[in-house]
Amino acid sequence: MEVKTSLLDNMIGVGDMVLLEPLSEDSFLDNLRDRFDHNEIYTYIGSVVISMNPYRSLPIFTPDKVEEYRNRNFYELSPHIYALADEAYRSLRDQDKDQCILITGESGAGKTEASKLVMSYVAAVCGKGQEVNKVKEQLLQSNPVLEAFGNAKTVRNDNSSRFGKYMDIEFDFKGDPLGGVISNYLLEKSRVVKQPRGERNFHIFYQLLSGASEDTLKKLKLDRDFSKYNYLSLDSAAVNGLDDAANFRTVRNAMQIVGFMEDEVQSVLELVAAVLKLGNIEFKPESRCNGTDESRIKDKNDLKEMCELLGIEQSVLERAFSYRTVEAKLEKVSTTLNVAQAYYARDALAKNLYSRLFSWLVTRINESIKAQTKTRHKVMGVLDIYGFEIFEDNSFEQFIINYCNEKLQQIFIELTLREEQEEYVREGIEWTNIEYFNNAIICDLIENHQNGILAMLDEECLRPGTVTDETFLDKLNTICAEHQHFESRLSKNSKFLTDHSLPHSCFRIQHYAGKVLYRTEGFVDKNNDLLYRDLSQAMYKATHSLIKQLFPEGNPAKVNLKRPPTAGFQFKASVGTLMKNLQTKNPNYIRCVKPNDKKAPHIFTDSLVRHQVRYLGLMENVRVRRAGYAFRQAYEPCLERYKMLCKRTWPHWRGPAREGVEVLMADLQVPVEEYSYGRSKIFIRNPRTLFFLEERRKQCLEELATLIQKIYRGWKCRSHFLLLKESQIVVAAWYRRYAQQKKYKQIKSATTVVQSYARGWQARKLLRELKYQKRCEEAVTTIAAFWHGTQARRELRRLKEEARRKHAVAVIWAYWKGLKVRREYRKFFRANAGKKIYNFTIQRIMQKYFLGLKSSTPSMSPIDRKWPSRPYLFLDGAHTELRRIFHLWRCKKYRSQFTEEKKAVYEEKLEASEIFKDKKTLYPSSVSQPFKGDYLEISKNPKYQKLHSAVDEKVLLADVVNKINRANGKGTPRIFLLTKKSVVLADQKTGQVKASVPLPDLSSVSVSTQSDGFFALKLKEGSASATKGDFLLSSEHLIEIITKLHRTGATAADQEQLSVDISDEFLVQFKQDKVCVKFIQAALKNGNSVSCKRKNNRLLEVSVPITA
Ligand SMILES: Nc1ncnc2c1ncn2[C@@H]1O[C@H](COP(=O)(O)OP(=O)(O)O)[C@@H](O)[C@H]1O
Ligand SMILES: [Mg+2]
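Values in this document were obtained by computation on a predicted structure and should not be read as measured data.

## A short note on the sheet that holds strand β19 (residues 681-684)
Within a beta sheet, neighbouring strands are joined by backbone hydrogen bonds and run either parallel or antiparallel to one another.
And step 1. With antiparallel pairing, the three strands of this open sheet are ordered in space as β17-β19-β18. Sheet topology places β17 (631-634) and β18 (675-677) at the edges, where each strand pairs with a single neighbour. Ignoring which end each strand starts from, the neighbouring axes of this sheet average 15° apart.
And step 2. Of the strands in this sheet, β17, β18 and β19 are in contact with helix α14 (residues 396-427), which crosses β19 at around 125°.

This is how it looks when you write it as structure tokens:
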């Protein structure tokens, strides 16, 4: 539900001055102060907004506030500039009415800020989109540019606008901004060359010098030091809270956004620099021969630099500063300028240069921001113009400004009354004439074509002959003397003759807002605003395009001999256009008031505000507004607001709102003359009546509030009580449950404790009983044990005693028996007892001997020779016999372990022993060597495969032997094979059979007694093999070879046994010859080896090492 509010809610003082009761200047001021102290800086006079400058930022310009005021009725919320902006924008958009917003007030009152607030509000609420945003941005960014060039620090305002500005913002039918047009009025150009104390030149000069880069400054031939420039006042060059350098960047950025080209910006800065340079040009007097003074430029450096900047020929400008050419119809007259005139010319040039630059900037901005489309558009104009100025010293400028304000006041009155009248007609209410002060008469005094002050000033300026400010005042004195609002000491009207507050050189005008005293000094000059033609022509000759553009009148082709229009004339004309423009629009007023002169927050200076209230004509304003009816309100909101005051309309009125209001008014007995019924609104004549209604409403609201409060409290308490009750039951239930549970748990645990104690007690009792029982049992057992023990011991003692007795009896009996026997058998004993004792003793000794021998028998090895020594001599024979038997038995045991093969080996060994034992020294060393037989492993070795296959019998022995050569006694290795049938000799390397001798062909074998391995195989004479002769061989296995040969011979049945001859000299039959082999023992040089040498044809000598 939308909250219905009204301006009348929560008012501090009154939000609308129209409602002020009683209306007086004091109450007006009190209301303003009261509201200002409560941060309410805005107050209405009907639809006019009074704005007090807070001099601090208030939190009332946020986006939230914008939303709050958006699309709300003007009187719905507390006064705000946004309400006015919204009203204006909506009637522009929805009712197709062009609007203008007129912002007036004295310098520093907040006009420029107000205009920015209006623009920003409109920008925030109007359409959105890329194109629209760009337009908005350009419109908003035009401000910083114009402020830089047109604003300056003054004693009243650090950012005072020194020009009047009117900006038309154009919208399409949807209310989207399309573009704008800016008009500027009367820039205060005198500031360029001179600033009052405590004030500065235009911002741009300071911004340029502090913010531009070194590079830019160099290009512009400038120095960062302010003190180098005559035109810059130094005492307030730096302003608190103003960052010139940062602002310079902002301005450059804004220029870019608005659409200035880079070279345009450069040209503008060049012109600014040129103005600074111009200020530094100084003149000195030089007497001429004709006695007149002429001026010369002191130092030409600045002139030179300026000329370079602007592309002007130095000599041309120099001349323009020294001469003045006056052109009449056909002739030209040149006169020299004195120093004062030269300075005047210089300053005039500087002022013109700057003000024309400023106008050019406005034109250039307009080019950028003007609407692109040609379609019809709606316009909202914002006028930010200097307000009424009353200084101690008022001059031409103040005169012009105040004239403008008179005009504004006039259209204000006109439009307000017209609007008022129109509303009355619209609402069908009778119009009664209103008494008010109309300032048309003052405007007439100033602007009348024939005898207006401006017209007379122009007349004076154009008049030939000497014209001074005095002649001008004289003229005024004669012509305006009769006027009610004109006052002068010398006027015909003698009433001011003695008025000392009015000096002779001044005149005074009673403006609608107060009397202002104007000093006529400078009026003529300023109105003329003369720039010598030589200078404008010099400027036109410049190569700098912008300069050329600014001085079109300098074009020699277009020499216009007519004087240019005066400043006053121009201003009057532009004000006239402005007024016409404003008259076609729906006006909205913002009247700015400055609370103090200190630019400080929270200070409200009564006298200052009173002064402003007066000259702004605010009281007039209220009076005009209240002339007819002070308050009006549409029927619906009125009924809605006051319906509670009458029983018939409360709480709901079903009929039309107007009837409801009629019923209401009748019921409240409001006097009939106090109100009128319009078509859609009720008009209330006096604020008193409204306040009566408001008061009643307030009371009624309080009663209603009490009622509502009562019912609400009752309801709240009851529902609270019910809730409490319900909760109490729940809580109680829970608590009881909990208490019972707790109690139950307590009892349960108590029971458990009691139970455990009882059980414990019972258990302990039982335990005690059991222990007692056990102890009793143990005691019984112990006693019984002891008793049995005692019994047993007693019995034992008794038995022992009995046994001892029995033994004693037996001993005694034996002794006695022995005695008896001995007595009886004494004769027999003597005959046999000796023999028996001897046998018994022998038997015992033998027994002991055998048992001892059993435990000390030697090992089972047959070669063990140990045998225990004999203990008794008489056992000698038996002992030796036992030894022999034991040996035989263990040999038998040993033999019985033998296998057949082992037996064969031992048989061979045995045979070897039979042959060689004690006969050949070599033998003992062979005993421990086992007879291996096949040393060459002939069957397995692949090398002897062929040889093996050549021998068909089983090989009994295979070995390498040396065949002794008869010729030198040296040996050749030969393979020696022995089979059952033959002996084979083969080549060791090739395995080729060299000789094969069947065993039967062997007659004997000869060996020596020595420890050598020589042996000779002798063949039977006449046998087949004998032809080859005997073999003399030597082998390391001699014993084995011979034994095997001998055995083979022994086993074969058909052969007789091979005889073995053992001697140290034997004969060997080598083919034909018999050779004797002789063995000798010798100490050999080459160790222990045996050597064989041929001694002669018949003798081979074998040397054998000497055996020990
Ligand atoms: N609504 C406002 N809120 C805060 N400060 C303000 C407001 N209006 C004006 N001011 C202050 O007052 C100074 C002067 O305002 P300005 O609009 O430049 O005055 P004018 O244009 O009337 O000469 C501003 O620089 C600002 O400091
Ligand atoms: Mg301003």
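On we go from here.
## Regarding the environment of I708
And step 1. Here I708 lies in helix α26 (residues 687-855).
And step 2. On the basis of relative accessibility, which here comes to 55%, the residue I708 falls in the exposed class.
And step 3. Taking C-alpha positions, I708 is 23 Å from L668, a pair spaced 40 residues apart along the chain.

## A few points about the coordination of the magnesium ion (ligand 2)
And step 1. The protein atoms that coordinate the magnesium ion (ligand 2) are T112 (OG1) and S161 (OG), at distances spanning 1.9 to 2.1 Å. One end of the pair, T112, is in helix α4 (residues 111-125); the other, S161, is in strand β5 (residues 160-161), and 49 residues separate them in sequence. The burial state of T112 is the same as that of S161; both residues are buried.

## Considerations on the site of ligand 1
And step 1. In the neighbourhood of ligand 1, 15 residues make up the surrounding shell, with N53, G108, K111, T112 and E113 lying closest.
And step 2. One of the side-chain N or O atoms of N53 is found 2.7 Å from an oxygen atom in ligand 1.
And step 3. Backbone polar atom of N159 to an oxygen atom of ligand 1: 3.4 Å apart, as the coordinates give it.
And step 4. Split by residue class, the shell around ligand 1 holds four nonpolar, seven polar and four charged.

## Examining unusual backbone geometry
And step 1. Across the junction of E21 and P22, the peptide omega takes the value -5°, indicating a cis bond.
And step 2. By the secondary structure assignment, P22 is in the segment before α1 (25-37).
And step 3. Positioned with a positive phi, L186 is a non-glycine residue whose angle comes to about 45°.
And step 4. Within the fold, L186 resides in the loop between β7 (177-185) and α6 (190-193).
And step 5. The class for L186 is partly exposed, based on a relative accessible area of 28%.

## Overview of helix α13 (residues 339-369)
And step 1. Taking 1.5 Å per residue as the helical rise, α13 with its 31 residues ought to reach 45 Å, and the 45 Å between its terminal C-alpha atoms agrees with that figure.
And step 2. Of all 31 residues in α13, 22 are buried, a share of seventy percent or more.

## Brief notes about the packing of α1 against helix α22 (residues 606-615)
Between two packed helices, what matters for the description is the angle formed by their axes and the separation of those axes.
And step 1. It is at 11 Å that the axes of α1 and α22 come closest, and there the two elements cross at 115°. α22 is crossed by α1, and the crossing has right-handed handedness. Listed contacts from α22 to E25, D26, F28, L29, L32 and R33 of α1 are D606, V609, R610, V613 and R614.
And step 2. Looking at the contact of α1 with α22 residue by residue, the class counts come to five nonpolar, no polar and six charged.

The rules we used
Residues numbered from 1 in each chain as written. Chains lettered and ligands numbered in written order. Predicted model: local features only at pLDDT ≥ 70, side-chain atom pairs only at ≥ 80, totals over all residues. Heavy atoms only, no water. Pairing = 2+ DSSP bridges. Helix = DSSP H or I, 4+ residues; strand = E, 2+ residues; numbered from the N terminus. Axes fitted to C-alpha atoms, helices over the stretch in contact; angles between N-to-C directions. Contact = heavy atoms within 4.5 Å. Buried < 20%, exposed > 50% of the residue type's maximum accessible area, 1.4 Å probe, protein only. Donors = N, O, S within 2.8 Å, 3.2 Å for Na, K, Ca; no water. Near = heavy atom within 4 Å. Polar contact = N/O pair within 3.5 Å; in protein donor to acceptor, adjacent residues only side chain to side chain. Nonpolar A, V, L, I, M, F, W, Y, C, P; charged D, E, K, R; others polar. Expected span 1.5 Å × (residues − 1). Left-handed = near helix turned anticlockwise from the far one by under 90°.

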